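Examining the three-dimensional arrangement
Each chain is listed here by its residues.
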Amino acid sequence: MSSASFTPRVFSGIQPSGDLHLGNYLGALKRFADAQNQGIEAVYCMVDMHAITVWQNPEDLRRSTRELCAGFIASGIDPEKSILINQSQVPEHAQLAWVFNCVARIGWMNRMTQFKDKAGKNAEKASLGLYAYPSLMAADILVYHATHVPVGEDQKQHLELTRDIAAKFNHDYGVDFFPITEPVIEGTATRVMSLRDGSKKMSKSDPSDMSRINMTDDADTIAKKIRKAKTDPEPLPDTVDALKDRPEARNLVNIYAALDNCTQADVLATYGGKQFGTFKPALADLAVARMSPITQEMARLMDDPAEIDRILALGAVRAREITTPILRQTYDIIGMVGPAV
Ligand code: AQP
(Lines give C-alpha, C1' and ligand atoms only; values in the text may rest on other atoms or scores of the structure.)
Protein backbone atom coordinates (compact mmCIF):
# COMPACT_ATOMS: atom_id res chain seq x y z
CA MET A 1 0.00 0.00 0.00
CA SER A 2 1.45 3.39 -0.90
CA SER A 3 1.33 6.29 1.55
CA ALA A 4 -1.59 7.74 -0.44
CA SER A 5 -4.22 5.75 1.46
CA PHE A 6 -2.98 6.90 4.89
CA THR A 7 -3.83 10.17 6.58
CA PRO A 8 -0.86 12.45 5.82
CA ARG A 9 1.49 12.78 8.79
CA VAL A 10 5.01 14.19 8.91
CA PHE A 11 7.85 12.85 11.06
CA SER A 12 11.45 13.96 11.24
CA GLY A 13 14.24 13.72 13.81
CA ILE A 14 17.54 15.34 14.69
CA GLN A 15 20.27 13.92 16.91
CA PRO A 16 21.14 15.81 20.09
CA SER A 17 24.75 14.84 19.62
CA GLY A 18 26.49 18.20 19.39
CA ASP A 19 25.93 21.77 18.30
CA LEU A 20 23.23 22.38 15.73
CA HIS A 21 24.67 23.87 12.55
CA LEU A 22 23.51 25.73 9.46
CA GLY A 23 23.10 22.42 7.58
CA ASN A 24 20.60 21.22 10.21
CA TYR A 25 18.84 24.59 10.06
CA LEU A 26 18.54 24.90 6.26
CA GLY A 27 18.20 21.16 5.51
CA ALA A 28 15.73 20.45 8.31
CA LEU A 29 14.55 23.03 10.89
CA LYS A 30 13.72 25.89 8.52
CA ARG A 31 11.85 23.57 6.20
CA PHE A 32 9.84 22.15 9.13
CA ALA A 33 8.86 25.66 10.17
CA ASP A 34 8.00 26.67 6.58
CA ALA A 35 5.71 23.62 6.27
CA GLN A 36 4.01 24.09 9.62
CA ASN A 37 0.94 25.90 8.37
CA GLN A 38 0.02 23.34 5.72
CA GLY A 39 -2.43 21.74 8.15
CA ILE A 40 -0.62 18.37 8.27
CA GLU A 41 0.04 16.82 11.68
CA ALA A 42 3.79 16.75 12.34
CA VAL A 43 5.97 15.03 14.92
CA TYR A 44 9.52 16.31 15.46
CA CYS A 45 11.87 14.25 17.52
CA MET A 46 15.13 14.74 19.39
CA VAL A 47 16.54 11.29 18.69
CA ASP A 48 18.51 10.78 21.90
CA MET A 49 18.57 6.99 21.42
CA HIS A 50 20.30 7.45 18.07
CA ALA A 51 22.78 9.83 19.73
CA ILE A 52 24.02 7.12 22.12
CA THR A 53 25.07 4.87 19.23
CA VAL A 54 28.37 6.68 19.83
CA TRP A 55 29.33 7.47 23.41
CA GLN A 56 27.84 10.67 24.84
CA ASN A 57 28.74 12.36 28.07
CA PRO A 58 25.43 12.22 30.04
CA GLU A 59 25.51 15.91 31.00
CA ASP A 60 26.25 16.90 27.39
CA LEU A 61 23.39 14.71 26.13
CA ARG A 62 20.95 16.36 28.55
CA ARG A 63 22.11 19.84 27.55
CA SER A 64 22.11 19.04 23.81
CA THR A 65 18.60 17.58 23.99
CA ARG A 66 17.25 20.73 25.67
CA GLU A 67 19.24 22.96 23.32
CA LEU A 68 17.86 21.08 20.32
CA CYS A 69 14.33 21.54 21.63
CA ALA A 70 15.11 25.25 22.03
CA GLY A 71 16.46 25.21 18.45
CA PHE A 72 13.21 23.73 17.11
CA ILE A 73 11.09 26.34 18.89
CA ALA A 74 13.41 29.26 18.07
CA SER A 75 13.35 28.20 14.39
CA GLY A 76 9.57 28.59 14.40
CA ILE A 77 8.16 25.19 15.39
CA ASP A 78 5.16 25.81 17.63
CA PRO A 79 4.85 23.00 20.22
CA GLU A 80 1.09 23.56 20.30
CA LYS A 81 0.78 22.90 16.56
CA SER A 82 3.43 20.22 16.15
CA ILE A 83 4.34 17.41 18.53
CA LEU A 84 7.85 17.86 19.96
CA ILE A 85 9.36 14.88 21.73
CA ASN A 86 12.58 13.28 22.79
CA GLN A 87 12.66 9.71 21.54
CA SER A 88 13.40 7.97 24.86
CA GLN A 89 10.16 9.29 26.42
CA VAL A 90 8.14 7.40 23.82
CA PRO A 91 9.16 3.76 24.39
CA GLU A 92 7.20 2.44 21.39
CA HIS A 93 10.04 3.64 19.12
CA ALA A 94 12.44 1.12 20.67
CA GLN A 95 9.79 -1.58 20.91
CA LEU A 96 8.94 -1.37 17.22
CA ALA A 97 12.65 -1.20 16.38
CA TRP A 98 13.08 -4.68 17.84
CA VAL A 99 10.33 -6.00 15.57
CA PHE A 100 12.07 -4.33 12.60
CA ASN A 101 15.41 -5.84 13.62
CA CYS A 102 13.70 -9.14 12.94
CA VAL A 103 12.32 -7.94 9.58
CA ALA A 104 15.38 -6.17 8.13
CA ARG A 105 18.11 -8.34 6.60
CA ILE A 106 21.79 -8.14 7.51
CA GLY A 107 22.63 -7.65 3.82
CA TRP A 108 20.52 -4.49 3.79
CA MET A 109 22.37 -3.09 6.79
CA ASN A 110 25.73 -3.92 5.22
CA ARG A 111 24.94 -1.54 2.37
CA MET A 112 24.36 1.51 4.58
CA THR A 113 27.00 4.09 3.72
CA GLN A 114 26.48 6.12 6.92
CA PHE A 115 27.57 3.13 9.01
CA LYS A 116 30.63 2.66 6.82
CA ASP A 117 31.47 6.39 7.06
CA LYS A 118 30.95 6.62 10.82
CA ALA A 119 32.49 3.28 11.79
CA GLY A 120 35.37 3.80 9.39
CA LYS A 121 38.16 1.22 9.43
CA ASN A 122 37.28 0.28 12.99
CA ALA A 123 33.90 -1.33 12.28
CA GLU A 124 34.61 -4.23 14.66
CA LYS A 125 34.72 -1.77 17.54
CA ALA A 126 31.58 0.18 16.53
CA SER A 127 28.49 -0.34 18.69
CA LEU A 128 25.80 -2.78 17.62
CA GLY A 129 23.44 0.21 17.96
CA LEU A 130 25.29 2.16 15.26
CA TYR A 131 24.86 -0.81 12.92
CA ALA A 132 21.16 -1.22 13.74
CA TYR A 133 20.51 2.57 13.61
CA PRO A 134 18.48 2.47 10.34
CA SER A 135 16.09 -0.07 11.84
CA LEU A 136 15.37 2.27 14.79
CA MET A 137 14.97 5.11 12.31
CA ALA A 138 12.38 3.06 10.38
CA ALA A 139 10.55 2.48 13.67
CA ASP A 140 10.70 6.21 14.53
CA ILE A 141 8.84 6.93 11.31
CA LEU A 142 6.49 3.97 11.03
CA VAL A 143 5.34 3.94 14.68
CA TYR A 144 3.43 7.10 13.64
CA HIS A 145 2.35 5.69 10.26
CA ALA A 146 4.14 8.81 8.98
CA THR A 147 3.66 9.34 5.27
CA HIS A 148 6.20 12.11 4.67
CA VAL A 149 9.70 12.58 6.05
CA PRO A 150 11.45 15.89 5.30
CA VAL A 151 15.22 15.38 5.57
CA GLY A 152 18.53 16.37 4.02
CA GLU A 153 19.95 14.32 1.17
CA ASP A 154 22.27 12.36 3.50
CA GLN A 155 19.25 10.48 4.87
CA LYS A 156 17.97 9.25 1.49
CA GLN A 157 19.41 5.74 1.82
CA HIS A 158 17.94 5.28 5.30
CA LEU A 159 14.52 6.28 4.00
CA GLU A 160 14.77 3.76 1.18
CA LEU A 161 15.49 1.14 3.85
CA THR A 162 12.43 2.32 5.80
CA ARG A 163 10.33 1.68 2.70
CA ASP A 164 11.89 -1.76 2.27
CA ILE A 165 11.16 -2.67 5.90
CA ALA A 166 7.53 -1.51 5.62
CA ALA A 167 7.05 -3.45 2.38
CA LYS A 168 8.62 -6.63 3.76
CA PHE A 169 6.57 -6.47 6.97
CA ASN A 170 3.38 -5.98 4.95
CA HIS A 171 4.33 -8.82 2.61
CA ASP A 172 5.48 -11.27 5.32
CA TYR A 173 2.27 -10.86 7.32
CA GLY A 174 -0.09 -10.37 4.37
CA VAL A 175 -1.26 -6.95 5.56
CA ASP A 176 -1.31 -3.36 4.32
CA PHE A 177 -0.44 -2.01 7.71
CA PHE A 178 2.62 0.24 7.28
CA PRO A 179 2.68 3.07 4.73
CA ILE A 180 5.45 3.27 2.15
CA THR A 181 6.85 6.57 3.32
CA GLU A 182 7.76 9.39 0.94
CA PRO A 183 11.07 11.15 1.54
CA VAL A 184 10.75 14.92 1.08
CA ILE A 185 14.16 16.16 -0.05
CA GLU A 186 13.69 19.51 -1.72
CA GLY A 187 14.97 23.09 -1.76
CA THR A 188 18.36 24.63 -2.43
CA ALA A 189 19.96 23.42 0.80
CA THR A 190 19.34 19.69 0.99
CA ARG A 191 23.10 19.23 1.27
CA VAL A 192 24.96 22.14 2.83
CA MET A 193 28.68 21.52 2.44
CA SER A 194 31.63 22.16 4.74
CA LEU A 195 33.04 25.69 4.54
CA ARG A 196 36.53 24.16 4.36
CA ASP A 197 35.89 21.46 1.76
CA GLY A 198 33.09 21.66 -0.80
CA SER A 199 33.08 17.88 -1.27
CA LYS A 200 32.16 17.10 2.37
CA LYS A 201 28.82 17.84 4.00
CA MET A 202 28.66 20.31 6.86
CA SER A 203 28.56 18.10 9.92
CA LYS A 204 28.52 18.25 13.72
CA SER A 205 31.33 15.74 13.95
CA ASP A 206 33.81 17.55 11.66
CA PRO A 207 36.82 18.26 13.91
CA SER A 208 37.21 21.75 12.41
CA ASP A 209 34.81 24.28 13.92
CA MET A 210 35.63 26.56 10.95
CA SER A 211 33.92 24.02 8.67
CA ARG A 212 30.46 24.88 9.98
CA ILE A 213 28.32 27.73 11.26
CA ASN A 214 26.85 26.67 14.59
CA MET A 215 23.43 27.95 15.56
CA THR A 216 25.01 29.26 18.77
CA ASP A 217 27.76 31.26 16.97
CA ASP A 218 27.72 35.01 17.54
CA ALA A 219 27.71 37.56 14.69
CA ASP A 220 31.50 38.05 14.67
CA THR A 221 32.14 34.31 14.53
CA ILE A 222 29.67 33.84 11.67
CA ALA A 223 31.28 36.70 9.72
CA LYS A 224 34.79 35.32 10.35
CA LYS A 225 33.85 31.79 9.25
CA ILE A 226 32.29 33.06 6.01
CA ARG A 227 35.27 35.37 5.33
CA LYS A 228 37.64 32.41 5.72
CA ALA A 229 35.45 29.94 3.79
CA LYS A 230 37.39 28.16 1.07
CA THR A 231 36.67 29.48 -2.45
CA ASP A 232 38.36 29.57 -5.85
CA PRO A 233 39.99 32.66 -7.40
CA GLU A 234 37.34 33.24 -10.13
CA PRO A 235 34.48 35.73 -9.78
CA LEU A 236 30.97 34.29 -9.42
CA PRO A 237 29.53 33.16 -12.78
CA ASP A 238 26.36 34.48 -14.43
CA THR A 239 24.71 31.08 -14.84
CA VAL A 240 23.84 28.23 -12.48
CA ASP A 241 25.37 25.73 -14.95
CA ALA A 242 28.76 27.35 -14.57
CA LEU A 243 28.74 26.48 -10.84
CA LYS A 244 28.81 22.77 -11.66
CA ASP A 245 32.54 22.22 -11.19
CA ARG A 246 32.98 24.86 -8.49
CA PRO A 247 31.75 23.09 -5.31
CA GLU A 248 32.77 25.79 -2.83
CA ALA A 249 31.25 28.63 -4.87
CA ARG A 250 28.11 26.58 -5.44
CA ASN A 251 27.80 25.90 -1.72
CA LEU A 252 27.97 29.59 -0.77
CA VAL A 253 25.44 30.50 -3.48
CA ASN A 254 23.12 27.71 -2.25
CA ILE A 255 23.41 28.93 1.33
CA TYR A 256 22.59 32.49 0.24
CA ALA A 257 19.58 31.29 -1.77
CA ALA A 258 18.24 29.17 1.07
CA LEU A 259 18.65 31.93 3.65
CA ASP A 260 17.00 34.48 1.34
CA ASN A 261 14.20 32.15 0.14
CA CYS A 262 15.23 32.66 -3.47
CA THR A 263 16.84 30.60 -6.25
CA GLN A 264 20.50 30.23 -7.22
CA ALA A 265 19.67 32.11 -10.44
CA ASP A 266 18.33 35.04 -8.37
CA VAL A 267 21.57 35.16 -6.39
CA LEU A 268 23.66 35.10 -9.58
CA ALA A 269 21.48 37.80 -11.15
CA THR A 270 22.79 40.09 -8.39
CA TYR A 271 26.29 38.73 -7.78
CA GLY A 272 27.29 37.16 -11.13
CA GLY A 273 30.64 38.66 -12.22
CA LYS A 274 31.40 39.89 -8.66
CA GLN A 275 34.41 38.75 -6.65
CA PHE A 276 34.12 36.83 -3.37
CA GLY A 277 35.42 39.98 -1.68
CA THR A 278 32.00 41.49 -2.45
CA PHE A 279 29.85 38.37 -2.12
CA LYS A 280 31.18 37.04 1.19
CA PRO A 281 30.40 40.17 3.26
CA ALA A 282 26.86 40.23 1.77
CA LEU A 283 26.42 36.56 2.67
CA ALA A 284 27.78 37.18 6.17
CA ASP A 285 25.30 40.06 6.70
CA LEU A 286 22.43 37.89 5.50
CA ALA A 287 23.47 34.93 7.67
CA VAL A 288 23.78 37.14 10.75
CA ALA A 289 20.42 38.80 10.08
CA ARG A 290 18.69 35.42 9.73
CA MET A 291 20.52 33.48 12.45
CA SER A 292 20.97 36.05 15.24
CA PRO A 293 17.30 36.25 16.29
CA ILE A 294 17.20 32.44 16.42
CA THR A 295 20.41 32.24 18.46
CA GLN A 296 19.08 34.83 20.91
CA GLU A 297 15.76 33.04 21.27
CA MET A 298 17.54 29.73 21.87
CA ALA A 299 19.57 31.36 24.65
CA ARG A 300 16.40 32.79 26.21
CA LEU A 301 14.66 29.41 26.14
CA MET A 302 17.72 27.69 27.60
CA ASP A 303 17.41 29.93 30.66
CA ASP A 304 14.32 27.91 31.63
CA PRO A 305 15.17 24.20 31.21
CA ALA A 306 12.15 23.18 33.34
CA GLU A 307 9.85 24.71 30.72
CA ILE A 308 11.64 22.77 27.96
CA ASP A 309 11.26 19.56 29.97
CA ARG A 310 7.56 20.31 30.42
CA ILE A 311 7.10 20.78 26.65
CA LEU A 312 8.85 17.47 25.94
CA ALA A 313 6.82 15.60 28.58
CA LEU A 314 3.56 16.96 27.12
CA GLY A 315 4.75 16.07 23.62
CA ALA A 316 5.39 12.50 24.76
CA VAL A 317 1.82 12.17 26.10
CA ARG A 318 0.41 13.36 22.75
CA ALA A 319 2.82 11.13 20.80
CA ARG A 320 1.86 8.03 22.76
CA GLU A 321 -1.79 8.52 21.86
CA ILE A 322 -0.62 7.70 18.32
CA THR A 323 2.15 5.17 18.99
CA THR A 324 0.50 2.95 21.62
CA PRO A 325 -2.33 1.67 19.38
CA ILE A 326 -0.01 1.29 16.36
CA LEU A 327 2.43 -0.82 18.37
CA ARG A 328 -0.42 -2.84 19.89
CA GLN A 329 -1.80 -3.57 16.40
CA THR A 330 1.68 -4.51 15.19
CA TYR A 331 2.05 -6.99 18.05
CA ASP A 332 -1.37 -8.40 17.29
CA ILE A 333 -0.49 -8.87 13.59
CA ILE A 334 2.64 -10.81 14.49
CA GLY A 335 0.82 -12.99 17.02
CA MET A 336 1.83 -11.59 20.39
CA VAL A 337 -0.75 -12.13 23.11
CA GLY A 338 -2.09 -8.95 24.72
CA PRO A 339 -5.17 -6.80 25.15
CA ALA A 340 -7.71 -7.00 22.32
CA VAL A 341 -7.21 -4.37 19.62
N1 AQP B 1 24.99 19.41 5.82
C2 AQP B 1 23.68 19.24 5.82
N3 AQP B 1 22.91 19.78 4.84
C4 AQP B 1 21.56 19.62 4.83
N5 AQP B 1 20.90 18.91 5.77
C6 AQP B 1 21.63 18.34 6.75
N7 AQP B 1 21.29 17.58 7.82
C8 AQP B 1 22.40 17.26 8.52
N9 AQP B 1 23.49 17.78 7.94
C10 AQP B 1 23.04 18.47 6.83
C11 AQP B 1 19.92 17.21 8.11
O12 AQP B 1 19.64 17.57 9.44
C13 AQP B 1 18.73 16.62 9.99
C14 AQP B 1 19.27 16.10 11.29
O15 AQP B 1 20.54 15.54 11.13
P16 AQP B 1 21.15 14.63 12.27
O17 AQP B 1 21.82 15.47 13.24
O18 AQP B 1 20.18 13.69 12.79
O19 AQP B 1 22.02 13.82 11.33
P20 AQP B 1 23.45 13.82 11.05
O21 AQP B 1 23.53 13.47 9.61
O22 AQP B 1 24.00 12.89 12.04
O23 AQP B 1 23.99 15.34 11.29
P24 AQP B 1 25.48 15.64 11.24
O25 AQP B 1 25.70 17.05 11.56
O26 AQP B 1 26.04 15.19 9.95
O27 AQP B 1 26.02 14.80 12.43
P28 AQP B 1 27.23 13.84 12.40
O29 AQP B 1 28.41 14.71 12.17
O30 AQP B 1 27.19 13.23 13.79
O31 AQP B 1 27.00 12.87 11.30
C32 AQP B 1 18.55 15.52 8.96
O33 AQP B 1 17.35 15.79 8.25
C34 AQP B 1 19.73 15.69 8.06
O35 AQP B 1 19.45 15.26 6.75
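Everything quoted here is computed from the prediction, not taken from an experiment. (Residues numbered from 1 in each chain as written. Predicted model: local features only at pLDDT ≥ 70, side-chain atom pairs only at ≥ 80, totals over all residues. Heavy atoms only, no water.)

1. What about the overall build of the protein?
Each helix and strand in the protein was counted, giving 13 helices and five strands. Against the globule reference of 20 Å for 341 residues, the protein gives a C-alpha radius of gyration of 21 Å, in line with a compact fold. Overall, the protein is about 70 × 45 × 40 Å in size when its C-alpha atoms are taken along their principal axes. Taking all 341 residues of the protein together, 50% fall into the buried category. (Helix = DSSP H or I, 4+ residues; strand = E, 2+ residues; numbered from the N terminus. Rg over C-alpha atoms; globule rule 2.2 N^0.38 Å. Buried < 20%, exposed > 50% of the residue type's maximum accessible area, 1.4 Å probe, protein only.)

2. Brief notes about helix α1 (residues 22-35)
With 14 residues, α1 extends 18 Å from end C-alpha to end C-alpha; this agrees with the ideal 20 Å at 1.5 Å per step. Burial analysis of α1 places 12 of its 14 residues in the buried class, which makes it a mostly covered element. Among the residues making up α1, those that are buried are Leu22, Gly23, Asn24, Tyr25, Leu26, Gly27, Ala28, Leu29, Lys30, Arg31, Phe32 and Ala33. (Expected span 1.5 Å × (residues − 1).)

3. Observations concerning the domain arrangement of the protein
Segmentation of the protein into domains returns domain 1 (3-189 + 304-334) and domain 2 (209-300). Look at where the C-alpha atoms of domain 1 and domain 2 centre, and you get two points 29 Å apart. Of the residues lining the interface, 16 residues belong to domain 1; the matching set on domain 2 comes to 18 residues. In total, about 1400 Å² of surface goes out of reach between domain 1 and domain 2, with carbon and sulfur atoms giving 71% of it. Summed over the three residues of domain 1 that lose the most area to domain 2, namely Leu22, Ala74 and Thr188, the buried surface amounts to 39% of that side. Where domain 1 packs against domain 2, one counts zero salt bridges. (Domains from an automatic or database assignment. Contact = heavy atoms within 4.5 Å. Buried area = accessible area lost by both parts, 1.4 Å probe. Salt bridge = Lys/Arg side-chain N within 4 Å of Asp/Glu carboxyl O.)

4. Structural notes on the site of the ligand
In the neighbourhood of the ligand, 22 residues make up the surrounding shell, with Asp154, Lys201, Ser203, Lys204 and Ser205 lying closest. In the model, an oxygen atom of the ligand is placed 2.9 Å from a nitrogen or oxygen of the Gln15 side chain. Contact between the ligand and Gly152: an oxygen atom at 2.8 Å from a main-chain N or O atom of the residue. When the free accessible area of the ligand is taken as 650 Å², the share hidden by the protein chains comes to 95%. Where the shell around the ligand is concerned, the elements lending two or more residues are β1 (9-14) and α1. Considering every element that reaches the shell around the ligand, the biggest residue donor is α1, with four residues. Of the residues in the shell around the ligand, the class split is six nonpolar, 11 polar and five charged. (Near = heavy atom within 4 Å. Polar contact = N/O pair within 3.5 Å; in protein donor to acceptor, adjacent residues only side chain to side chain. Areas by Shrake-Rupley, 256 points an atom, 1.4 Å probe, with all protein chains shown as cover. Nonpolar A, V, L, I, M, F, W, Y, C, P; charged D, E, K, R; others polar.)

5. Structural notes on helix α7 (residues 128-142)
With 15 residues, α7 extends 21 Å between its outermost C-alpha atoms, agreeing within 8% with the 21 Å of an ideal straight helix rising 1.5 Å per residue. Of all the bends in α7, the greatest, near 45 degrees, is centred on Pro134. Counting buried positions along α7 gives 11 out of 15 residues, so the element sits mostly inside the fold. When α7 is considered as a whole, its buried residues turn out to be Leu130, Tyr133, Pro134, Ser135, Leu136, Met137, Ala138, Ala139, Asp140, Ile141 and Leu142. (Bend = angle between axes of the 7 residues up to and from the residue.)

6. Focus: a positive patch on the surface
A cluster of basic side chains, namely Arg196, Lys224, Arg227 and Lys228, defines a positive patch on the protein surface. On the secondary structure map, Lys224 appears in helix α9 (residues 219-227). (Patch = residues over 30% accessible without salt bridge, like charges linked within 9 Å, V, L, I, M, F, W, Y side chains within 5 Å. Lys, Arg positive; Asp, Glu negative; His and termini not counted. Charge placed at Lys NZ, Arg CZ, Asp CG, Glu CD.)

7. A word on the packing of aromatic side chains
In this structure the tally under the stated criterion is 12 aromatic pairs. Arranged with centres 5.1 Å apart and planes meeting at 65 degrees, the rings of Tyr271 and Phe279 form a pair that is edge-to-face. Judged on exposure class, the residue Tyr271 and its partner Phe279 are both buried. Of the aromatic side chains, those joined through ring pairs into one cluster are Phe100, Phe169, Tyr173, Phe177 and Phe178. (Phe/Tyr/Trp six-rings, centres within 6.5 Å; stacked < 30°, edge-to-face > 60°.)

8. Points about the side chain of Lys30
Position of Lys30 among the secondary structure elements: in helix α1. Its relative accessible area of 11% is what places Lys30 among the buried residues. A distance of 2.5 Å separates the side chain of Lys30 from the side chain of Asn261, its partner in a polar contact. Excluding its chain neighbours within four sequence positions, the residues that come into contact with Lys30 are Tyr25, Ala258 and Asn261.

9. Regarding the environment of Met49
With respect to the helices, strands and loops of the structure, Met49 is situated in helix α2 (residues 48-51). Sequence spacing of Met49 and Ala166 is 117 residues, and the spatial spacing of their C-alpha atoms is 21 Å. The residues touching Met49, leaving out its near neighbours within four places in the chain, are Gln87, Ser88, Ala94 and Leu136.

10. Section: the pairing of β1
Every regular strand shows the same layout, with side chains that alternate between the two sheet faces. Along β1, five of the six residues are buried, which leaves the element largely enclosed by surrounding structure. Pairing of β1 with strand β2 (residues 41-46) involves six bridges; the strand directions are parallel. Bridged to Gly13 within β2 is Cys45. Taken together, β1, α1 and β2 constitute a β-α-β crossover, and its handedness is right-handed. (Pairing = 2+ DSSP bridges. Right-handed = clockwise from strand over helix to strand, strands pointing away.)

11. Side note on the state of the cysteines
Under the definition given, this model contains zero disulfides. Looking at the unpaired Cys45, the closest cysteine sulfur is the one in Cys69, lying at 11 Å. (Disulfide = S-S within 2.5 Å.)

12. What to know about the nonpolar core
Within the largest apolar cluster, 59 residues are counted, with the highest numbers of intra-cluster contacts made by Leu22, Leu26, Phe72, Leu84, Leu259 and Phe279. Tallying contributions element by element places helix α12 (residues 276-302) first for this core, with 12 residues. Structurally, this core is a two-domain feature, drawing no fewer than three residues from each of domain 1 (3-189 + 304-334) and domain 2 (209-300). If sequence neighbours within four positions are ignored, Leu259 has contacts with Leu22, Leu26, Leu283, Leu286, Ala287, Arg290 and Met291. Core analysis: the second largest hydrophobic core is formed by 45 residues, Phe11, Ile83, Ala97 and Val143 among them. (Core = buried A, V, L, I, M, F, W, Y, C linked by side-chain atoms within 4.5 Å.)

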